Amino acid sequence: MSGLFISFEGIDGAGKSTHIESLAQALEATGRIVVRTREPGGTPLAERLRQILLNEPMDAMSEALIAFAARRNHVEHIIRPALQRHEVVLSDRFTDATFAYQGGGGGLDEDFLSILEQWVHLPLQPDITFWFDVSPEVAAERLKGARLPDKFESQPQEYFAKVRAAYAARMASDASRFVPIDAHQSPQGVWEQVQTALAKRGLLAA
Ligand code: TYD
């Protein structure tokens, strides 16, 4: 059995968190060891960088550099070792988020991000990336009244429209890795889409 790296993406309010936990439990039920992690974060250093990225005002290039510094630490200390032990890594966000938020939302040059991606972790990429796609309107509705919004969550809907478009472009450039999920559906409907995609790959029972 080889290691398996799955990332979860989408704009804030897409509702990925509960499904990450359900998937972790479903994979554990098949006997796999599952590492649940997130970006920015996953190591003590990367969690400190997360606090800075989510709370301090700065330009998109600084954000990307911090995101990739956190990612470097995360890849080297958590992701690669887990994959070498043939475990499953479920990461709430990975590099696609930097392309979407700092590239799409923040207007940062994609070529610059591609260079960072190349140096920091390629050829390692997730085996599967679930993109929880939801309209910025529905996402905003879901976020209303939730906890205090961070720097990104308090962005206007136009920002999230750009982030969403960047996710779509990223999927178009690497279609075999991405599984688009219609996240407008009920939690049960969304879960069935996730389950079906893994069943198709022989990773869960149909
Ligand atoms: P999120 O994953 O939504 O976690 P939570 O559910 O705890 O809020 O929050 C992470 C935020 O960081 C999200 O708004 C997207 C942003 N982000 C970037 O801007 N760039 C990145 O490279 C990453 C990984 C995240």
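Quick summary incoming for the structure in this document. (Residues numbered from 1 in each chain as written. Predicted model: local features only at pLDDT ≥ 70, side-chain atom pairs only at ≥ 80, totals over all residues. Heavy atoms only, no water.)

**Side note on the sheet that holds strand β1 (residues 4-9)**
Rules: In short, DSSP must find at least two bridges between two strands for them to pair. A run of H or I in DSSP counts as a helix once it spans at least four residues, and a run of E counts as a strand once it spans at least two, with each numbered from the N terminus. Helix axes are fitted only over the stretch in contact, all axes being lines through C-alpha atoms; the angle between N-to-C directions runs from 0 to 180 degrees.
Read across the open sheet, the 5 strands follow the order β2-β3-β1-β4-β5; overall the sheet is parallel. Edge positions in the sheet fall to β2 (34-38) and β5 (178-182), since each has one partner strand and no second. Going across the sheet, the axis of each strand differs from the next one's by a mean of 20 degrees, ignoring polarity. Across 4 bridges, β1 lies against strand β4 (residues 128-133) in parallel orientation. Note on β4: the bridge partner recorded for Ile 6 is Ile 128.

**Comments concerning the nonpolar core**
One broad rule of soluble globular proteins: the nonpolar side chains tend to lie buried together. For clarity, the threshold we go by: Residues belong to a common nonpolar core when they are buried Ala, Val, Leu, Ile, Met, Phe, Trp, Tyr or Cys residues joined through side-chain atoms within 4.5 Å. The rule is simple: take the accessible area with a 1.4 Å probe, protein chains only, and divide by the maximum for that residue type; under 20% is buried, over 50% is exposed, in between is partly exposed. Residue contacts follow a heavy-atom distance rule, with two residues in contact if any of their heavy atoms lie within 4.5 Å.
In this structure, Ile 6, Phe 8, Leu 23, Leu 90, Tyr 101, Phe 130 and Phe 132 are the most contacted members of the largest nonpolar core, which totals 45 residues. Leaving out residues up to four positions away in the same chain, Leu 23 has contacts with Ile 6, Phe 8, Leu 90, Phe 130, Trp 191, Val 194, Leu 198 and Leu 204. Core analysis: the next-biggest nonpolar cluster, separate from the first, contains 9 residues, Val 75, Ala 82, Val 89 and Phe 94 among them.

**A few points about the packing of aromatic side chains**
Keep this limit in mind: Any two rings among Phe, Tyr and Trp, with Trp reduced to its six-membered ring, count as a pair given centres within 6.5 Å; such a pair is stacked if its planes are under 30 degrees apart, edge-to-face if over 60, and tilted if neither. We count a charge as sitting over a ring when the NZ of a lysine or the CZ of an arginine lies within 6 Å of the ring centre and within 35 degrees of the ring normal.
Enumeration according to the criterion identifies 8 aromatic pairs in this entry. With a centroid separation of 5.7 Å and an interplanar angle of 85 degrees, the aromatic rings of Tyr 101 and Phe 152 are classed as edge-to-face. One end of the pair, Tyr 101, is in helix α4 (residues 95-105); the other, Phe 152, is in the loop between α6 (136-143) and α7 (157-173), with 51 residues separating them in the sequence. On the basis of an interplanar angle of 55 degrees and a centroid distance of 6.3 Å, the ring pair of Tyr 101 and Tyr 159 is categorised as tilted. Of the two residues, Tyr 101 sits in helix α4 while Tyr 159 sits in helix α7, which places them 58 residues apart along the sequence. By the burial criterion, Tyr 101 is buried, and Tyr 159 matches it. The ring of Phe 68 has Arg 71 lying over it, and the distance from NZ or CZ to the ring centre is 4.6 Å. The side chain of Arg 170 reaches across the aromatic face of Phe 99, ending 3.7 Å from its centre.

**Side note on the environment of Gln 185**
Within the secondary structure, Gln 185 sits in the loop between β5 and α8 (187-200). Classification of Gln 185 as partly exposed rests on a relative accessible area of 37%. Aside from chain neighbours lying at most four places away, what touches Gln 185 is Arg 142, Val 190 and Gln 193.

**What about the site of the ligand?**
The condition that has to hold: Any residue with a heavy atom positioned within 4 Å of a molecule or strand is treated as near that molecule or strand. Here a polar contact is recorded for every N or O atom pair within 3.5 Å, except that within protein the pair must consist of a potential hydrogen donor and a potential acceptor, and residues adjacent in sequence are included only if both atoms are side-chain atoms. All accessible areas in this document rest on Shrake-Rupley with a 1.4 Å probe, and a residue is counted as covered only by the protein chains that are shown. A 1.4 Å probe that fits into a set of points on a 1 Å grid over the protein atoms alone but cannot get out defines a cavity; an open set with protein on both sides within 12 Å along at least five of seven lines defines a pocket, and lining residues are those with an atom within 4 Å of a point. A molecule is said to be in a cavity or pocket once over half of its atoms fall within 2 Å of that pocket's grid points.
Around the ligand sit 17 residues, and of these Asp 12, Arg 93, Thr 98, Gln 102 and Arg 147 come closest. A distance of 3.3 Å is found between an oxygen atom of the ligand and a side-chain nitrogen or oxygen belonging to Arg 71. Within the side chain of Arg 93, an N or O atom sits 2.6 Å from an oxygen atom of the ligand. Within the complex, the protein chains bury 91% of what would otherwise be the 550 Å² of accessible surface of the ligand. In a pocket analysis with a 2 Å cut-off to the grid points, the ligand is assigned to the largest pocket.

**Remarks on the side chain of Gln 193**
Within the secondary structure, Gln 193 is located in helix α8. Within polar-contact distance, the side chain of Gln 193 engages the backbone nitrogen of Asp 182 at 2.8 Å. Ignoring anything within four residues of it in the chain, the contact list for Gln 193 reads Pro 180, Ile 181, Asp 182 and Gln 185.

**Quick notes on the pattern of salt bridges**
Rule in force here: In the sections that follow, a salt bridge refers to a side-chain nitrogen of Lys or Arg positioned within 4 Å of a carboxyl oxygen of Asp or Glu.
Applying the stated criterion across every chain yields a total of 16 salt bridges. Of the charged contacts in the structure, one is a salt bridge between Asp 96 and Arg 170, with a shortest N-O distance of 2.6 Å. Here Arg 170 lies in helix α7 and Asp 96 lies in helix α4, a separation of 74 residues in the sequence. Side by side, Asp 96 and Arg 170 carry an identical accessibility label, which is buried. A cluster of three or more residues bridged by salt bridges with shared partners is formed by Asp 96, Glu 117, Arg 170, Asp 174 and Arg 177.

Functional significance is not addressed by these values, which are geometric in nature.
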